[in-house]
Amino acid sequence: MGGNGKKVIVVGGGLAGLSAALKIAESGALVELFSMVPVRRSHSVCAQGGINAATDPHGQGDSAWEHFDDTIYGGDFLANQTPVKGMCEAAPAIIDLLDRMGVTFNRTSEGRLDVRAFGGAKFKRTAFAGATTGQQLMYALDEQVRRFEAQGLVTKYEFWEFLAPVIDDDRRCRGIVAMSLDSMAVRAFPADAVIMATGGPGLVYGTNTTNSFINTGSAAGACFRHGVDYANGEFIQVHPTAIQGEDKRRLISESVRGEGGRVWVPKDGKPWYFLEEWYPAYGNLVPRDIATRAIFKVVYELDLGVEGRNVVYLDVSHLDPAYLTKKLGGVLEIYEKFVGDDPRKIPMQIFPAVHYSMGGLWVDFGQMTNVAGLFAAGECDYQYHGANRLGANSLLSCIYAGFLAGPAAVKYLSGLQTLPDAVTLLQQAEKRERDANNEWLKKDGSENPYALWREMGNLMTENVTVIRENPKLKLTDEKLLEIKDRYENRAGVPDKALWKNQPLAFTRQLENMIALARVITLGALARNESRGAHYKPEFPDRDDANFLKTTRAAHSPDGPVLTYEEVDIQFIPPRERKYDVEK
Amino acid sequence: MANEKSIILKIQRQPGPDKASFWETFELPYRKNMNVISALMEIQANPVNAQNKRTTPVAWECSCLEEVCGACSMRINGRTRQACSALIDELERPIVLQPMAKFPVVRDLHVDRSRMFEDLKRVRAWIDIDGTHAAGPGPLISPHQQALMYILSRCMTCGCCLDACPQVNSRSPFIGPSAISQARLFNMHPTGAMHKDLRLRALMGPGGVTDCGNAQNCIHACPKNIPLTDSIADICRQTTRLALFGSLRK
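## Concerning the overall build of chain B
- Of regular secondary structure, chain B possesses eight helices and seven strands.
- Across its three principal axes, chain B shows a C-alpha extent of roughly 70 × 40 × 35 Å.
- Burial status across chain B gives 48% buried among its 250 residues.
- A separation of at least 24 residues holds for 64% of the contacts in chain B among residues at least 6 apart in sequence.

Structure below.
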């Protein structure tokens with residue numbers, strides 16, 4: 001065994017997990033990296049538009065402070081300001097590092113990194129690599145981690161699914177239980193420091209999401225059920241521009257609006273550019289929550305959806321086709337490929353879809369959860385986006401949080417006294433999870449877990465996305481309890497094989513998805529205000545007196561218990577968030 | 001293609017690596033805008049075959065469903081491609097689904113492509129950075145050079161090129177087009193070029209670039225239109241140069 005004797009388990013191989021793994025391996029400690037899929041296929045590849053950093057290559061006066069202010073303002077003041085400030089200050093150095101790793105960022109004529117405009121930002125600060133920036137960043141980090149894998153410092157467990165954290169009586173993390181998705185073998189893995197980097201829970205909304213099929217939120221949900229607090233769960237970002245598909249919603253990047261795309265519907269026989277009319281200061285580049293609600297208003301309240309359907313136009317057909325191909329080729333290709341029309345000629349038809357969870361596992365400013373030694377980073381943490389995430393801040397927050405969590409885990413191990421033996425604890429956890437699998441394989445319930453999942457997804461989409469009403473939220477929670485009951489008592493796994501049993505794995509995930517659905521719904525029910533992505537017509541204004549607070553959900557046998565925590569607002573005093581005028 | 005009311009899918013199934021394969025037929029209600037993934041998802045939610053007998057859901061690999069992750073490669077009507085971008089309306093019916101043939105089957109349409117990730121180690125498909133500390137920006141790269149590198153860097157390790165290549169099979173050690181193209185990508189980068197000989201030497205032995213039979217199937221199979229044959233030709237030139245002059249440089 002190489003390394004300096006320390007070992008950290010990283011769960012998840014997207015940008016956050018790889019960033020953490022890289023820092024840990026570089027420090028000489030060993031990494032065991034668990035992922036449901038080969039890490040190179042993680043959901044981070046889906047991010048199209050870019051990554052924010054105030055590098056100001058065009059000398060417009062951008063700065064880390066402006067980036068910080070845009071992020072806090074865009075997040076409607078719910079994000080803790082100290083960590084966000086740290087992220088924005090670190091961003092330019094992160095971009096430099098990615099550049100050195102060989103990321104194929106687009107270039108200026110001088111050969112330096114180019115930047116583009118993005119929603120909610122008054123300066124151009126989004127570095128990008130074609131239309132697949134997330135994929136390109138993923139590959140660079142994957143390659144660096146592979147380098148350490150070749151040196152023996154990183155061991156990958158690909159096609160392994162996280163089932164539970166192992167936590168001792170002193171509330172310390174002692175390892176994990178995971179399941180091979182090939183042999184279905186259940187095994188406990190000891191580690192005194194574990195980093196969860198398992199992404200978002202988009203599949204809680206069924207197929208009405210831009211998330212990858214692997215983004216069930218199951219791992220975070222399992223942590224929650226084992227006593228890890230979950231924060232701001234009710235803040236779910238709905239992306240304004242997605243293509244409607246049977247299997248998922250496909251994102252059309254905000255960069256389309258950044259490069260000059262206009263949103264409109266026909267009204268009185270003419271195009272009506274409603275975002276430009278309603279929000280003259282930002283126009284088509286208003287943040288995602290504002291654009292989404294505007295589209296909902298046009299379609300549902302004003303009944304102006306294109307051809308009477310629930311879609312609006314996103315139009316780039318007025319722009320030069322060669323320019324479009326150069327700047328947005330990959331995005332437009334997605335539309336052409338999955339719809340069949342050429343957006344250079346025909347306006348795209350789009351509608352909002354669930355995209356990102358601002359909420360996630362509660363972490364302190366060093367990425368540690370309320371369980372000692374258990375860290376979280378990336379979309380599965382709650383720290384960097386407040387009530388609404390700005391476009392192109394997700395790739396940044398994943399890498400930044402991974403870069404914090406990795407060294408924090410190593411430091412935690414260094415400071416650790418000798419802990420009592422955990423062998424029995426690990427064996428018990430392993431047996432519990434194995435027994436759960438065996439129970440499922442014996443059950444012959446008639447309810448199909450995939451059908452149950454779709455039902456839950458539609459329920460959540462209808463009631464807990466853009467417009468939230470308390471009576472409907474209450475009803476949703478009652479229905480979730482009913483779905484939970486059917487899951488526990490009437491569901492059956494439609495496959496009994498002990499090899500590559502995907503339905504068994506999915507059935508286990510569903511339990512955690514239901515738990516998170518309740519956290520999201522009850523968090524929304526309790527928050528009687530409108531802030532960022534969370535909008536209640538009954539309470540249309542932000543209420544700082546009562547709700548400038550982080551929601552913190554703790555697990556109990558009777559469901560989530562909510563408490564509220566002060567937000568760190570020491571640098572920028574909250575002000576009204578308006579996009580019809582300059583901020 | 002006529003929009004009949006139902007879709008017939010013929011799927012080649014195999015319960016495990018050492019098990020015999022068999023065909024199973026499914027009939028699903030037709031809806032507009034379906035792709036192969038949504039058809040497989042329909043089977044998950046209601047695993048009943050065309051004979052109206054209960055069966056198990058079909059195993060396959062998928063993740064992003066928007067053709068950037070490379071997971072859902074399979075043979076669809078005999079052609080290896082991504083299932084997510086295979087639109088039902090554009091396919092001949094009945095639709096025939098098979099696992100890729102050049103990789104070991106794990107179960108049903110799910111194959112084991114781990115060799116492709118091992119091949120990336122073999123060609124050192126990475127930049128040897130000094131560390132993750134702050135060390136300023138990377139080298140300047142012209143927009144033209146970036147555009148070329150970006151095209152190569154979109155390789156999703158999906159395996160379509162290997163599946164289509166006649167030189168790739170269980171009796172051949174040929175590394176295949178994608179890893180060769182990645183070696184070209186890293187040799188193009190100013191920092192990567194500092195270690196280009198190591199990549200080239202890895203491709204000079206058995207299974208290396210000279211095992212290419214020039215069938216050119218790979219460029220037609222690549223869902224990202226990566227100029228794989230250009231990459232192979234370029235690496236051929238680079239290895240020849242190294243073989244001829246490499247010893248003089250030392």
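## Some details on the overall build of chain A
- Helix and strand content of chain A: 15 helices and 21 strands.
- For chain A, whose C-alpha radius of gyration is 23 Å, the value lies close to the compact-globule estimate of 25 Å for 583 residues.
- Referenced to the eigenvectors of the C-alpha coordinate spread, the extents of chain A come out at roughly 70 × 55 × 50 Å.
- The buried share of chain A, reckoned over its 583 residues, is 63%.

## Comments concerning the packing of helix α1 (residues 15–26) of chain A against helix α10 (residues 394–414) of chain A
Residue and element names in this part refer to chain A.
- α10 packs onto α1 with a crossing angle of 35° between their chain directions and a minimal axis gap of 7 Å. Crossing handedness for the pair α1 and α10: right-handed. Between α1 and α10, the residues in contact are L15, A16, G17, L18, S19, A20, A21, K23 and I24 and L395, C398, I399, A401, G402, F403, A405, G406, P407, A409 and V410, respectively.
- Classifying every residue of the contact of α1 with α10 by side-chain character gives 15 nonpolar, four polar and one charged.

## Quick look at the nonpolar core
All names here are of chain A.
- Formed by 271 residues in total, the largest nonpolar core has its most connected members in I195 and M196.
- Among the elements that make up this core, the one with the highest residue count is helix α14 (residues 502–526) (14 residues).
- Apart from the residues lying within four places of it in its own chain, the contact partners of M196 are V11, G12, A219, A220, C223, L361, F375, A376 and C380.

## Digging into the pairing of strand β1 (residues 7–11) of chain A
Residues and elements named next belong to chain A.
- Most of β1 is tucked away, with five of its five residues classed as buried.
- Of the pairings in the sheet, the one linking β1 to strand β2 (residues 30–35) comprises five bridges and is parallel in character. When the bridges of β2 are listed, V10 appears paired with L33.
- Pairing analysis gives three bridges linking β1 to strand β10 (residues 194–196), with the strands arranged parallel. Across the sheet, V10 pairs through a bridge with I195, a residue of β10.

## Observations regarding the sheet that holds strand β2 (residues 22–29) of chain B
Residues and elements named next belong to chain B.
- On the basis of which strands lie adjacent, the open sheet formed by five strands has the order β2-β1-β5-β3-β4 and mixed pairing. The sheet is open, and its two borders are formed by β2 and β4 (79–82), each paired with just one other strand. Across this sheet, the average inter-strand angle for adjacent strands is 35°, counted without regard to direction.
- Looking at chain direction, strand β1 (residues 6–13) and β2 are connected through eight bridges and run antiparallel. Bridged to S6 within β2 is P29.
- Each of β1, β2, β3 (73–76) and β5 (95–98) touches helix α1 (residues 36–45); the most contacted strand, β2, lies at about 95° to it.

## Some details on the packing of helix α5 (residues 218–225) of chain A against α14 of chain A
Residues and elements named next belong to chain A.
- For the pair α5 and α14, interaxial distance at closest approach is 8 Å and the crossing angle is 70°. Relative to α14, the element α5 is oriented roughly perpendicular. Here α5 contributes S218, A220, G221, A222, F224 and R225 to the contact with α14, which in turn contributes Q509, N512, M513, A515, L516 and V519.
- Considering only residue class, the contact of α5 with α14 consists of seven nonpolar, four polar and one charged.

## Quick look at the environment of E90 of chain B
Residue and element names in this part refer to chain B.
- Tracing the backbone through its elements, the reader meets E90 in the loop between β4 and β5.
- Of the residues examined, E90 has 10 C-beta atoms within 10 Å and is grouped as exposed.
- Between the alpha carbons of E90 and N35 there is a distance of 9.2 Å; along the sequence they are 55 residues apart.

## Topic: the domain arrangement of chain A
All names here are of chain A.
- Parsing chain A into structural domains produces domain 1 (1–235 + 358–583) and domain 2 (240–354).
- Distance from the C-alpha centre of domain 1 to the C-alpha centre of domain 2: 28 Å.
- Listed per partner, the contact involves 34 residues of domain 1 and 33 residues of domain 2.
- In terms of residue class, the side of domain 1 that touches domain 2 is built from 13 nonpolar, 18 polar and three charged.

## Observations regarding the interface of chain B and chain A
- Contact with chain B, which involves 57 residues of that partner, is made by 57 residues of chain A.
- Mapped by element, the contributors of at least two residues to the side of chain B that touches chain A are α1, β6 (105–107), α2 (114–122) and α3 (143–153) of chain B.
- Here the residues of the side of chain B that touches chain A sort into 29 nonpolar, 22 polar and six charged.

## Notes on α10 of chain A
- Over its 21 residues, α10 of chain A extends 30 Å from the first C-alpha to the last, a length consistent with the 30 Å expected when each residue adds 1.5 Å.
- Counted residue by residue, α10 of chain A has 17 buried out of 21 residues, so it is predominantly covered.

## Considering the confidence of the model for chain B
- Averaged over every residue, the pLDDT of chain B is 95; the share at 70 or more is 97%.
- Overall fold confidence (pTM) sits at 0.96, and the ipTM for the predicted complex is 0.97.

## Digging into the pairing of strand β20 (residues 549–554) of chain A
All names here are of chain A.
- Two elements, strand β11 (residues 230–231) and β20, share two bridges in a ladder whose sense is antiparallel. Bridge pairing in β20 places Y230 opposite A553.
- Pairing between β20 and strand β21 (residues 561–566): six bridges, direction antiparallel. Bridge assignment links T551 to a residue of β21, and that residue is Y564.
- Two successive antiparallel strands, β20 and β21, enclose a turn made up of six residues, where G559 displays a positive phi of approximately 115°.

## Description of the domain arrangement of chain B
Residues and elements named next belong to chain B.
- By domain assignment, chain B separates into domain 1 (6–111) and domain 2 (114–249).
- Between the C-alpha centres of domain 1 and domain 2 there is a distance of 31 Å.
- The partner domain 2 presents 12 residues to the 12 residues of domain 1 that form the contact.
- With three residues, the top contributor of residues to the side of domain 1 that touches domain 2 is β4.
- A breakdown of the residues in the side of domain 1 that touches domain 2 according to their chemical character gives five nonpolar, four polar and three charged.

## Things to note about the sheet that holds β21 of chain A
- If you trace the four strands from one edge of the open sheet to the other, you get β18-β11-β20-β21 (chain A), paired in antiparallel fashion. With one partner strand each, in any of the chains shown, β18 (360–361) and β21 of chain A form the two edges of the open sheet.

What counts, and where the lines are drawn
- Along every chain, residues carry numbers that run from 1 in the direction the sequence is written.
- Lettering of chains starts at A and numbering of ligands starts at 1, both following the order in which they are written.
- Per-residue local features are limited, in this predicted model, to residues with pLDDT of at least 70; the limit for side-chain atom pairs, both in listing and counting, is 80 or more; totals at the level of whole chains, interfaces and linings are taken over all residues.
- Secondary structure is summarised from DSSP: a helix means a run of H or I of at least four residues, a strand means a run of E of at least two, and numbering begins at the N terminus for each.
- Exposed residues have 12 or fewer other C-beta atoms within 10 Å of their own C-beta, buried residues have 20 or more, and partly exposed residues fall in between, where C-beta atoms are placed from the backbone.
- Working definition of a contact: two residues with C-beta atoms, positioned from the backbone, lying within 7 Å.
- We compute the radius of gyration over the C-alpha atoms and compare it with the globule rule, which gives 2.2 Å times the number of residues raised to the power 0.38.
- Each axis is a line fitted through C-alpha atoms, taken for helices only over the stretch in contact, and angles between the N-to-C directions span 0 to 180 degrees.
- The handedness criterion is simple: a crossing whose near helix is rotated anticlockwise from the far helix by less than a right angle is left-handed, and one whose near helix is rotated clockwise is right-handed.
- Nonpolar residues are Ala, Val, Leu, Ile, Met, Phe, Trp, Tyr, Cys and Pro. Charged residues are Asp, Glu, Lys and Arg, and all others, Gly as well, are polar.
- The term nonpolar core refers to a set of buried Ala, Val, Leu, Ile, Met, Phe, Trp, Tyr and Cys residues connected through C-beta atoms within 7 Å.
- Strand pairing follows a simple DSSP-based rule, namely that at least 2 bridges must link the two strands.
- Any angle that is under 35 degrees is reported as roughly parallel, and any over 145 degrees as roughly antiparallel; angles of 65 to 115 degrees are reported as roughly perpendicular and all others as oblique.
- By convention here, the domain bounds are inherited from an automatic or database domain assignment.
- Helix span is expected to be 1.5 Å times the residue number reduced by one.
- Known as pLDDT, the predictor's per-residue confidence is scaled from 0 to 100.

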